[in-house]
Amino acid sequence: MKLTLEKPQVLIDEHLQECSDALLFVGMGIGKSAACLHRLNELFRDASCFAALIIAPMRVAILTWPMDVQEWDQFRWMRVANLRTEHGQRDFLNGYAHIYVINYEAIPTLVSLIERRGKKPLPYDVVIFDELTRAKNPGSKRINLYRRKVPRVDRHWGLTGTPMPNSWMDLFAQARLVDDGARLGTNFLDFKRTYFYGTEQSFQP
């Protein structure tokens with residue numbers, strides 16, 4: 001089946017073209033992953049990127065993304081590597097895949113694989129954080145391990161339909177993971193001092 005982008009997906013695609021560190025706060029059922037695969041496909045075709053790492057919740061990483069690749073004719077040529085398997089890890093170490101998938105809980109495995117590559121460059125140059133809300137806690141040990149140990153690449157895309165499950169403060173760590181502090185800063189206390197007053201639930205625009 002051939003993918004034809006719907007209007008919301010066209011807007012997603014345009015945003016990904018304009019912004020290398022993109023935050024996609026888009027509701028469920030809009031087709032975020034398909035739109036991202038379309039943009040990846042275009043980047044692959046003109047040699048603007050060579051592979052992508054997708055970090056997502058377990059089921060989404062291991063099932064949803066590989067199924068989306070197989071669902072659409074344009075993307076079936078892409079080789080997907082599951083970094084939870086020995087085969088996928090070999091692909092990562094040798095740079096054989098176009099898409100590498102892993103879940104948030106397995107970030108230490110990702111860090112270990114990068115360390116095993118030694119001085120070789122990363123085998124991907126795009127990172128997609130699906131269900132970015134998983135990174136909303138600025139004190140998360142796994143997310144901060146990622147920030148310390150994983151070198152940044154050319155493009156980072158963050159996807160979620162629920163960017164503020166508790167309060168506006170949930171935005172900070174998600175944005176920082178994607179853009180390294182360009183939008184909201186790198187320090188959570190400074191973020192609170194800049195944008196909030198009174199109780200922690202009050203927002204000062």
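Everything numeric here is computed off the predicted structure, so don't read it as measured data. Residue indices begin from 1 for each chain and proceed along its sequence in written order. Residues qualify for local features only when their pLDDT is at least 70, as the model is predicted, and side-chain atom pairs are given and counted only at 80 or more; totals for whole chains, interfaces and linings, by contrast, use all residues. The basis for the side-chain values is all heavy atoms of the structure; hydrogens and waters are excluded.

Colleague: How would you summarise helix α6 (residues 141-149) if you had to cite specific residues and measurements?
Modeller: Relative accessibility under 20% of the residue-type maximum defines a buried residue, over 50% an exposed one, and the middle range a partly exposed one, all with a 1.4 Å probe and only protein chains included. Per the convention used, a helix needs a DSSP run of H or I reaching at least four residues, while a strand needs a run of E reaching at least two, with both numbered from the N terminus. Within α6 the residues assigned to the buried category are I143, N144, L145 and Y146. Where the residues of α6 are buried, they touch β2 (52-56), α5 (107-116), β5 (126-130) and α7 (171-179). In this analysis, two residues are considered to be in contact whenever any of their non-hydrogen atoms come within 4.5 Å of each other.

Colleague: An account of the pairing of strand β4 (residues 99-103) is requested, with residue identities and associated values reported.
Modeller: Most of β4 sits out of view: 5 of its 5 residues are buried. Judged by which residues are buried, β4 turns out to be covered on both faces: I99, V101 and N103 on one side and Y100 and I102 on the other are all buried. Taken together, the 5 bridges between β2 and β4 define a ladder with parallel strand orientation. If you follow L53 over to β4, its bridge partner there is Y100. Of the pairings in the sheet, the one linking strand β3 (residues 80-82) to β4 comprises 3 bridges and is parallel in character. Bridge pairing in β4 links A81 to Y100. Note on handedness: a crossover is taken as right-handed if, strands pointing away from the viewer, the path from the first strand over the helix to the second is clockwise. Handedness of the crossover is the feature at issue here: the chain leaves β3, passes through helix α4 (residues 86-94), returns alongside β4, and the resulting connection is right-handed. The rule for pairing is simple: two strands pair if DSSP sees at least two bridges between them.

Colleague: Can you break down the packing of helix α1 (residues 7-18) against helix α2 (residues 32-45) residue by residue, with the values?
Modeller: At their nearest, the axes of α1 and α2 sit 9 Å apart, and the two run at 45° to each other. What the angle tells us is that α1 and α2 run oblique. Note on packing geometry: the crossing formed by α1 with α2 is right-handed. Together, Q9, I12, D13, L16 and Q17 of α1 and K32, A34, A35, C36, H38 and R39 of α2 make up the contact between the two elements. Here the axes come from fitting lines to C-alpha atoms, over the contacting stretch only for helices, and the angles between their N-to-C directions go from 0 to 180 degrees. An angle counts as roughly parallel when it lies under 35 degrees, as roughly antiparallel when it exceeds 145, as roughly perpendicular when it falls between 65 and 115, and as oblique in every other case. If you view the pair so one helix is near and one far, a crossing is left-handed when the near helix is turned anticlockwise from the far one by less than a right angle, and right-handed when it is turned clockwise.

Colleague: Provide a residue-level description of the packing of aromatic side chains, including the pertinent values.
Modeller: Two rings belonging to Phe, Tyr or Trp (six-membered ring only in the last case) form a pair when the distance between their centres is within 6.5 Å. Interplanar angles under 30 degrees mark stacking, angles over 60 mark edge-to-face geometry, and anything in between is tilted. Taken as a whole and assessed by the stated rule, the structure comprises 9 aromatic pairs. Taken together, a centroid distance of 5.6 Å and an interplanar angle of 80° make the contact between F129 and Y146 edge-to-face. With a gap of 17 residues between them, F129 in strand β5 and Y146 in helix α6 connect regions that are remote in the sequence. As far as burial versus exposure is concerned, F129 and Y146 are alike and both buried.

Colleague: Explain the confidence of the model for the protein chain residue by residue, including any values.
Modeller: Here the protein chain shows a mean pLDDT of 95. Residues at 70 or above account for 96%. Predictor confidence is given residue by residue as pLDDT, running from a minimum of 0 to a maximum of 100. Low pLDDT (under 50) marks residues 199-205, which in the prediction has 13 contacts with non-local residues, meaning those over four places away or in another chain.

Colleague: I'd like a description of α2, backed by residues and values.
Modeller: Here the expected length of a helix is defined as 1.5 Å per residue gap, with one fewer gap than residues. With 14 residues, α2 extends 20 Å from end C-alpha to end C-alpha; this agrees with the ideal 20 Å at 1.5 Å per step. Along α2, the residues that are buried comprise K32, S33, A34, A35, C36, L37, H38, R39, L40, N41, L43 and F44.

Colleague: Just give me the short version of the pattern of salt bridges, but keep the residues and values in it.
Modeller: Salt bridges are defined as contacts in which a side-chain nitrogen from Lys or Arg sits within 4 Å of a carboxyl oxygen from Asp or Glu. Under the defined criterion, the tally for this structure stands at 8 salt bridges. Close ionic contact of R79 with D91 constitutes a salt bridge, the shortest N to O distance being 3.0 Å. Pair noted here: R79 is in the loop between α3 (58-71) and β3 and D91 is in helix α4, with a separation of 12 residues, a long-range link. Given the relative accessible area of 36%, R79 is considered partly exposed. Since its relative accessible area comes to 3%, D91 is described here as buried. In this structure, the salt-bridge partner of R193 is D190, at a minimum N-O distance of 2.9 Å. Of this pair, R193 and D190 both sit in helix α8 (residues 188-195), 3 residues apart, which is roughly one turn of the helix. Exposure remark for D190: the relative accessible area of 41% places this residue in the partly exposed category.

Colleague: So what about the nonpolar core? Which residues, and what values?
Modeller: What tends to happen in soluble globular proteins is that the nonpolar side chains get buried as a cluster. Side-chain atoms within 4.5 Å are what join buried Ala, Val, Leu, Ile, Met, Phe, Trp, Tyr and Cys residues into a set we call a nonpolar core. Counting 32 residues, the largest nonpolar core has L53, Y100, L110, Y124, F129 and Y146 as the members making the most contacts within it. Every element with two or more residues in this core is listed here: β2, α4, β4, α5, β5, α6 and α7. Sorting elements by how many residues they give to this core places α5 first, with 5 residues. Apart from residues lying up to four places away in sequence, L110 is in contact with L53, I55, L83, F92, I102, Y146 and V150. In this structure, L3, V26, I54 and I128 belong to the second largest nonpolar core, which totals 31 residues.

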